[in-house]
Amino acid sequence: MAYVIAEPCIGTKDNSCVEVCPVDCIHPTPDEPDYDKVEMLFIDPDECIDCDACVEACPVDACFAEDQLPEEWAPFAERNAAYFAGR
C-alpha cells in the first residue's frame, strides 16, 4: 500500500514532503520541468515504502495512507498513479 497526495495539495505544492521522502518518490520536484505545469504533487505508488514521513511533513494534511484516504478524495489514488504511468 502506498501513500497518496490528495486535494489539499492543489495550489499549495509546499515541498516539505519532497524534502523528507527517503526514496525520492514524490514528484515533480521544483527542479523538474513539469513542476510549474501541475497543480499538485504526486506520490509514485510503486516507489513509496510506506514510511509515513510525508504525512508528518505536510502542512496542509494532504498525505494519506491509501486505506485511510477519505472517500471524497478516493480518485486521487488513481491521479497519483496516473502521473507516473509511462514515466
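Everything that follows concerns the structure shown earlier in this document.
The notes below deal with the structure included here. Because the structure is a prediction, the values reported are computed rather than measured. (Residues numbered from 1 in each chain as written. Predicted model: local features only at pLDDT ≥ 70, side-chain atom pairs only at ≥ 80, totals over all residues. Heavy atoms only, no water.)

1. A look at the overall build of the protein
1) Next: Helices and strands together make up the secondary structure of the protein, namely three helices and four strands.
2) Next: On C-alpha atoms alone, the protein measures out to a radius of gyration of 11 Å, which is about the 12 Å that the 2.2 N^0.38 rule sets for 87 residues.
3) Next: By its C-alpha atoms, the protein is 30 × 25 × 25 Å across when sized along the principal axes.
4) Next: Here the protein holds 87 residues, and the buried ones make up 44% of them.
5) Next: Of the contacts formed within the protein by residues at least 6 apart in sequence, a portion of 75% connects residues at least 24 apart.
6) Next: About 4900 Å² of surface is accessible on the protein, with carbon and sulfur atoms providing 47% of the total.
7) Next: Of the charged side chains in the protein, 4 are positive and 21 negative, and the gap between their average positions amounts to 12 Å. (Helix = DSSP H or I, 4+ residues; strand = E, 2+ residues; numbered from the N terminus. Rg over C-alpha atoms; globule rule 2.2 N^0.38 Å. Buried < 20%, exposed > 50% of the residue type's maximum accessible area, 1.4 Å probe, protein only. Contact = heavy atoms within 4.5 Å. Areas by Shrake-Rupley, 256 points an atom, 1.4 Å probe, with all protein chains shown as cover. Lys, Arg positive; Asp, Glu negative; His and termini not counted. Charge placed at Lys NZ, Arg CZ, Asp CG, Glu CD.)

2. Examining the side chain of Lys 13
1) Next: Inspection of the secondary structure puts Lys 13 in the loop between strand E1 (3-5) and helix H1 (16-20).
2) Next: Look at Lys 13: it is buried, it has no salt bridge, and the nearest opposite charge is Asp 36 at 4.8 Å.
3) Next: Separated by 2.9 Å, the side chain of Lys 13 and the backbone oxygen of Val 38 make a polar contact.
4) Next: Among all residues touching Lys 13, those that are not within four sequence positions of it are Tyr 35, Asp 36, Val 38, Glu 39, Met 40 and Leu 41. (Salt bridge = Lys/Arg side-chain N within 4 Å of Asp/Glu carboxyl O. Polar contact = N/O pair within 3.5 Å; in protein donor to acceptor, adjacent residues only side chain to side chain.)

3. Considering the pattern of salt bridges
1) Next: What the rule picks out here adds up to one salt bridge.
2) Next: One salt bridge in this structure joins Arg 79 and Glu 39, with 3.1 Å as the shortest N-O distance. Of this pair, Arg 79 sits in helix H3 (residues 75-84) while Glu 39 sits in the loop between strand E2 (26-27) and strand E3 (42-43), and the two are 40 residues apart along the sequence.
3) Next: Arg 79 gets classed as partly exposed once you look at its relative accessible area, which sits at 32%.

4. Considering the packing of aromatic side chains
1) Next: On inspection of all chains with the given rule, the structure shows three aromatic pairs.
2) Next: Measuring from ring centre to ring centre gives 4.5 Å for Phe 42 and Tyr 83, while their planes differ by 10°; the resulting arrangement is stacked. Of this pair, Phe 42 sits in strand E3 while Tyr 83 sits in helix H3, and the two are 41 residues apart along the sequence.
3) Next: Take Tyr 83: its relative accessible area is 16%, and that puts it in the buried class.
4) Next: Geometrically, the ring pair formed by Tyr 83 and Phe 84 is edge-to-face, given 5.0 Å between the ring centres and 85° between the ring planes. Each of the two residues, Tyr 83 as well as Phe 84, counts as buried.
5) Next: Among the aromatic residues, those joined into a ring-pair cluster are Phe 42, Tyr 83 and Phe 84.
6) Next: Between the NZ or CZ atom of Lys 13 and the centre of the ring of Tyr 35, over which it lies, the distance is 4.1 Å. (Phe/Tyr/Trp six-rings, centres within 6.5 Å; stacked < 30°, edge-to-face > 60°. Lys NZ or Arg CZ within 6 Å of the ring centre and 35° of its normal.)

Functional significance is not addressed by these values, which are geometric in nature.
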